[in-house]
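Spelled out from the first residue to the last, the chains are:
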Number of protein chains: 2
Amino acid sequence: MSRDSRLARMAHVLVHMACNHGAATSDVIARMLSTNPVVVRRTMAGLRDRGIVTSEKGPRGGWRLTRPLEELTLLDVHRALETVSVFTIGPTADHPECPVEHLANQAIVGALAQAGTALEAALAQVRLSDILAEGQALRAARDADGPHVCPNTARGAWS
Amino acid sequence: MSRDSRLARMAHVLVHMACNHGAATSDVIARMLSTNPVVVRRTMAGLRDRGIVTSEKGPRGGWRLTRPLEELTLLDVHRALETVSVFTIGPTADHPECPVEHLANQAIVGALAQAGTALEAALAQVRLSDILAEGQALRAARDADGPHVCPNTARGAWS
DNA sequence: TTGAATCGTAACAGTGAAAGTTACGAACAA
DNA sequence: TTGTTCGTAACTTTCACTGTTACGATTCAA
């Protein structure tokens, strides 16, 4: 699972988890994401530390949501993933004594801060329940069989 | 020169270039940035393609600014560097047919677009001439010898 | 015309961060 | 007790990017 797609993939997983009874094992999630159970555990650990999910060991164990999707935004998930930096660009530190470098750094850091604020504001406006509801609507409109309880999981399949 | 610091470093270089007579060779710039002349050429090539600098071969050749710093913003430099993506996060493409994934992607791409717009707006407001002027002011206030023509380049040194 | 300086660029090596993998211990339920 | 599942350390693999080498093309000056 590439680092830059963790937010999208975890959001996807959480929505489907809300539609399925019982816990989702790391193994099942890993197959859904074409990756390894250990990678799933590493990633989900951040969500657990933030109180978004809980984990249980042993048979019938796995991962469970702790709250309804109405109380979860993309920003919550994003923060739980503890991305080191959202940006690929940043300041430099070659000539700490040079006022030119210092001012250039300052301008760049300021611009990134503004962008970061805009990003968080936008992510905070998206609840996972919105994604589920719109997904169900899309599915209902598209599917001749009528609406399912959960998109793509009518027969318990994860996709 | 790490990818994420190219904007800061190139802005720094351009400001100093504006203060020095003659062309700056890739070799001199490379020493300033503690990197390799080939890396400098690769990076400056983007600025040349955007018409920000010109290059000349042969003795006394090197890199020259094509316009005054008043007509150059951080956004101009940023665009010239052709950064693949400013963000470390992005959408996924695992389940193209799943409406949940599609909507999550859409929300994330939308949030990133808003952040990108904010970033570009902030970078566009910073002219390189502002950085030079403020740098000179800082230097003058700090330096007992009084103001220099160019910060850190009183004796032609690049720093 | 020759030679030094300089950019242009291809090709390859080196680096580093993150994902993927293996292995094994701990907890839990039947 | 046995099988399931998470927790985590340790290692390998991968990938993108920088760094490096090499060589050709161009330009200037003697």
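Residues numbered from 1 in each chain as written. Chains lettered and ligands numbered in written order. Predicted model: local features only at pLDDT ≥ 70, side-chain atom pairs only at ≥ 80, totals over all residues. Heavy atoms only, no water.

Going by an unreviewed UniProt entry, chain A carries the name DNA-binding IscR family transcriptional regulator and comes from Nitrospirillum iridis.

Chemist: Outline the packing of helix α6 (residues 128-142) of chain A against helix α5 (residues 99-124) of chain B, supporting the account with residue identities and numerical values.
Modeler: Geometrically, a packed helix pair is captured by the angle between its two axes and the distance between the axes. Viewed as axis vectors pointing N to C, α6(A) and α5(B) meet at an angle of 130°, and their least axial separation amounts to 9 Å. By the angle class used here, α6(A) and α5(B) are oblique. For the pair α6(A) and α5(B), the sense of crossing is right-handed. Facing α6(A), whose interface residues are A:Ile131, A:Glu134, A:Gly135, A:Leu138 and A:Arg139, α5(B) presents B:Pro99, B:Val100, B:Leu103 and B:Ala104. Broken down by class, the residue content of the contact of α6(A) with α5(B) amounts to six nonpolar, one polar and two charged. (Axes fitted to C-alpha atoms, helices over the stretch in contact; angles between N-to-C directions. Helix = DSSP H or I, 4+ residues; strand = E, 2+ residues; numbered from the N terminus. Parallel < 35°, antiparallel > 145°, perpendicular 65-115°, else oblique. Left-handed = near helix turned anticlockwise from the far one by under 90°. Contact = heavy atoms within 4.5 Å. Nonpolar A, V, L, I, M, F, W, Y, C, P; charged D, E, K, R; others polar.)

Chemist: With reference to specific residues and values, describe the interface of chain B and chain A.
Modeler: Taken together, the contact pairs 52 residues of chain B with 52 residues of chain A. Both sides together, the interface formed by chain B and chain A hides about 4400 Å², and carbon and sulfur atoms give 70% of it. On the chain B side of the interface with chain A, the three residues burying the most area are B:Thr88, B:Ile89 and B:Val100, jointly 14% of the side's total. Where chain B packs against chain A, one counts two salt bridges. Between A:Asp94 and B:Arg9 there is a salt bridge, with the nearest N and O atoms lying 2.8 Å from each other. Applying the counting rule to chain B against chain A returns twelve residue pairs in polar contact (both at pLDDT 80 or more). (Buried area = accessible area lost by both parts, 1.4 Å probe. Salt bridge = Lys/Arg side-chain N within 4 Å of Asp/Glu carboxyl O. Polar contact = N/O pair within 3.5 Å; in protein donor to acceptor, adjacent residues only side chain to side chain.)

Chemist: Outline the pattern of salt bridges, supporting the account with residue identities and numerical values.
Modeler: All names here are of chain A. Applying the stated criterion across every chain yields a total of twelve salt bridges over all chains. For the salt bridge of Asp49 with Arg48, the shortest nitrogen-to-oxygen distance reads 3.9 Å. Residue Arg48 is classed as partly exposed on the basis of its relative accessible area, which comes to 36%. The residue Arg127 makes a salt bridge to Asp130 at a minimum N-O spacing of 3.5 Å. The exposure class of Arg127 is partly exposed, given its relative accessible area of 40%. (Buried < 20%, exposed > 50% of the residue type's maximum accessible area, 1.4 Å probe, protein only.)

Chemist: Describe in detail the protein's contact with DNA strand D, supporting the description with residues and values.
Modeler: In the neighbourhood of DNA strand D, 24 residues make up the surrounding shell, with A:Ser26, A:Arg48, B:Met1, B:Thr35 and B:Arg42 lying closest. Backbone atoms, meaning sugar plus phosphate, form 63% of the atoms of DNA strand D positioned within 4 Å of the protein. A distance of 3.5 Å is found between a base nitrogen of DNA strand D and a side-chain nitrogen or oxygen belonging to A:Arg42. When residues of the surface near DNA strand D are traced back to their parent elements, those giving at least two are α3 (37-49), β1 (53-56) and β2 (62-65) of chain A together with α3 (37-49) of chain B. Counting residues per element, the surface near DNA strand D draws most heavily on α3(A), which supplies four residues. Along the lines of polarity and charge, the residues of the surface near DNA strand D split into eight nonpolar, eight polar and eight charged. (Near = heavy atom within 4 Å.)

Chemist: I'd like a rundown of the relation of the copies chain B and chain A, residues and numbers included.
Modeler: Laying chain B over chain A is done by rotating through 180° and shifting 0.0 Å along the axis; what remains is an RMSD of 0.1 Å. Read as a symmetry element, the transformation amounts to a two-fold axis. The residues that chain B uses at the interface reappear at the interface of chain A in 100% of cases, marking a shared surface. (Least-squares fit on C-alpha atoms with pLDDT ≥ 70 in both.)

Chemist: Go over the environment of B:Val40, please, and point to the residues and values.
Modeler: All names here are of chain B. On the secondary structure map, Val40 appears in helix α3. Residue classification places Val40 among the buried positions, given a relative accessible area of 0%. Separated by twelve residues in the primary sequence, Val40 and Val28 place their C-alpha atoms 9.7 Å from one another. Each residue touching Val40, except ones within four places of it in the same chain, is listed here: Ser26, Ile29, Ala30 and Thr35.

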